[in-house]
Amino acid sequence: MPTRSTLRCRFLATAAPGLAPTKASLLASLLASILASILTCAAGLAAAEERSDKTTEAKPPVTLDGKGITLRFDDGSKFRIGGRLQGDFGTGRVQQRGFGTVFEEPAAIRRAWIETYYSLKGFEFAFQYDVNEPRVPVSDAIVAYKGFRDVIITQGNFKEPFSLDQLISDNVTSFTERSQADAFVPARNFGAAIGTYGANWTAVTGVFGGNINTGLQNNGIASTTRLTDTPWLSENKNDVLHFGLAGSYRSLDDDARSLSLSSRSEAFLFARPLVNTRTIRDATAIGRVGVEAAWQQGPFRLQGEYILTDIERRDGRPPLLFQGGDIQASVVLNDKGRPYRVAPTYGSEYGVFTGVTVEERQRVSRGGTGLFELGVRDSAIDLESREVRGGVEHDFTAGVNWYPEPNIRFVFDSIRSHAEPSAESLNFGRRTVDADVFIGRAQLYG
């Protein structure tokens with residue numbers, strides 16, 4: 001029988017204000033109401049659990065975990081609903097006359113996701129929908145099977161197994177945006193993957209078509225594989241030495257969309273790309289190789305990545321080679337750092353770092369000051385090869401994260417970008433573009 005606290009949470013999660021389905025801002029407000037309700041429920045659920053009989057082993061039918069409200073059923077299945085809301089704000093300056101608007105607007109919603117998960121007898125179902133993204137609203141849409149020991153089989157729309165930086169959730173990345181090298185990463189597409197793992201290693205491979213939002217038949221077929229090894233991994237998963245190797249090869253159909261690669265300053269609000277290959281019309285295939293390494297000792301983490309991209313072309317034309325990479329360091333101002341996760345619940349996110357833990361005594365609502373994290377990153381991308389002069393960009397980022405509560409985060413990044421030569425700067429007869437950007441993010445996730 002549900003408790004009063006259970007009934008109260010159901011009411012809060014459904015008592016959202018009315019909305020017009022065509023208004024993204026109102027949809028984001030709906031998600032904010034849902035997430036706020038989830039967080040509000042935490043106090044009531046926690047109080048109810050403290051008042052319950054501590055000798056019983058049965059879990060309550062509704063609980064709050066790190067990702068939202070979880071409902072448990074008599075058949076052993078469980079359903080979870082949560083989401084994330086990220087709002088960005090900032091300002092920027094480009095040292096070049098005629099460049100135009102740096103930020104199209106000073107503040108905007110970055111992500112407004114509704115997330116649902118259902119687990120039943122070895123199966124995992126997940127669906128994530130971004131109400132703020134009209135072009136590609138569906139993120140993960142998967143079914144996974146975990147009935148075999150240390151094996152996960154996943155089918156649907158999810159991330160191809162490539163790049164440590166990309167596979168770490170944007171809920172817990174150290175900076176507002178991923179590095180310049182992320183321009184080469186395939187990210188989410190529709191396909192199937194099988195992964196396996198041991199105590200200190202993982203291996204996952206898959207075959208992928210196009211993205212579920214833009215057409216499964218678009219952009220050919222890809223095969224992507226990632227291997228990781230941790231020769232040193234402490235029992236508490238906080239001290240780790242990680243190495244990873246990934247490869248991807250995608251053949252492009254004759255009717256596939258023309259390929260282009262670009263990147264802008266590492267801020268969502270930045271209006272225009274600083275480097276851009278523009279359309280590469282004769283591409284027949286794209287191959288990627290990525291190497292990654294990370295070392296974490298307690299609260300300190302050092303992480304780096306390098307990606308080489310090869311684009312094959314028609315009529316025997318020589319291939320194009322592009323490259324990018326980053327190195328970053330961060331420190332969490334506690335003694336734990338970010339736990340390392342070997343295997344995911346589903347999908348391809350093997351061998352990644354998870355989020356920080358805000359302890360009860362650190363919570364602002366309990367009289368604490370929250371948890372702080374400091375980070376710096378140096379990243380670069382080279383989009384120049386043969387006759388393609390897309391430009392070279394180098395970014396340096398310094399950032400601060402503040403976690404006042406377990407499900408709330410504020411991010412503040414200062415970014416210095418230098419592009420030479422740049423697709424944009426060539427329009428003005430100059431060889432360099434320098435930009436200074438401040439970007440902030442208020443984030444609510446459950």
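Residues numbered from 1 in each chain as written. Predicted model: local features only at pLDDT ≥ 70, side-chain atom pairs only at ≥ 80, totals over all residues. Heavy atoms only, no water.

Tracing the backbone shows Gln-86 in strand β3 (residues 78–94). Looking at Gln-86, the relative accessible area reads 0%, which means it is buried. Polar contacts involving the side chain of Gln-86 include one to the side chain of Arg-441, which spans 3.4 Å. (Helix = DSSP H or I, 4+ residues; strand = E, 2+ residues; numbered from the N terminus. Buried < 20%, exposed > 50% of the residue type's maximum accessible area, 1.4 Å probe, protein only. Polar contact = N/O pair within 3.5 Å; in protein donor to acceptor, adjacent residues only side chain to side chain.)

With that out of the way, let us pick up unusual backbone geometry. Of note, the phi angle at Arg-278 is positive, near 60 degrees, even though the residue is not glycine. With respect to the secondary-structure elements, Arg-278 resides in the loop between β13 (275–276) and β14 (283–297). With a relative accessible area of 43%, Arg-278 lands in the partly exposed category. With a phi angle near 55 degrees, Arg-386 is a residue other than glycine that sits in the positive phi range. If you trace the backbone, Arg-386 turns up in the loop between β19 (371–385) and β20 (388–405).

Looking at the chain as a whole, the pLDDT averages 86, with 83% of positions reaching at least 70. Counted against residues more than four places away or in other chains, residues 1–24, with its pLDDT under 50, gives 27 contacts. Contacts for the low-pLDDT stretch residues 37–56, under 50 throughout, to residues beyond four places or in other chains number 27 contacts. (pLDDT = per-residue confidence, 0-100. Contact = heavy atoms within 4.5 Å.)

Judged from the four bridges that link them, strand β2 (residues 68–72) and β3 form a sheet pairing that is antiparallel. By the bridge assignment, Thr-70 is partnered in β3 with Arg-80. Connecting β2 to the next strand, β3, in antiparallel fashion are five residues, including Gly-76 with a positive phi near 90 degrees. (Pairing = 2+ DSSP bridges.)

What follows covers empty space enclosed by the protein. Evaluated as defined, the whole model comprises two cavities of 30 Å³ or more. Considered as a void within the structure, the largest cavity measures approximately 60 Å³ in volume. Lining of the largest cavity is provided by Asp-165, Ile-168, Val-172, Thr-173, Ser-174, Arg-301, Gln-303, Gln-328, Arg-338 and Phe-353. Looking at side-chain class alone, the lining of the largest cavity contains three nonpolar, four polar and three charged residues. Estimates place the volume of the second largest cavity at around 30 Å³. If you go around the second largest cavity, the residues you meet are Ser-163, Asp-165, Ser-179, Ala-181, Asp-182, Val-185, Glu-305, Ile-307 and Asp-326. Of the residues in the lining of the second largest cavity, the class split is three nonpolar, two polar and four charged. (1 Å grid on protein atoms, 1.4 Å probe; cavity = no way out; pocket = protein on both sides within 12 Å on 5 of 7 lines; lining within 4 Å. Points joined across faces, edges and corners; volume = space filled by probe spheres on them. Nonpolar A, V, L, I, M, F, W, Y, C, P; charged D, E, K, R; others polar.)

Each aromatic ring pair is summarised here by two numbers: the centre-to-centre distance and the angle between the ring planes. Counted under the stated rule, the structure contains 14 aromatic pairs. Ring geometry for Tyr-197 and Tyr-350: centres 6.3 Å apart, planes at 45 degrees, overall tilted. Taken as a pair, Tyr-197 in strand β8 (residues 188–197) and Tyr-350 in the loop between β17 (340–341) and β18 (352–353) lie far apart in primary sequence, 153 residues in all. Between Phe-372 and Trp-402 the ring centres are 6.1 Å apart and the planes differ by 20 degrees, which places this aromatic pair in the stacked class. Residue Phe-372 is located in strand β19, and its partner Trp-402 is located in strand β20; the two are separated by 30 residues in the primary sequence. A residue is classified by how much of its surface remains accessible, and Phe-372, at 32% relative accessible area, is partly exposed. Above the face of the Phe-353 ring, Arg-301 is positioned so that its terminal group lies 4.8 Å from the ring centre. (Phe/Tyr/Trp six-rings, centres within 6.5 Å; stacked < 30°, edge-to-face > 60°. Lys NZ or Arg CZ within 6 Å of the ring centre and 35° of its normal.)

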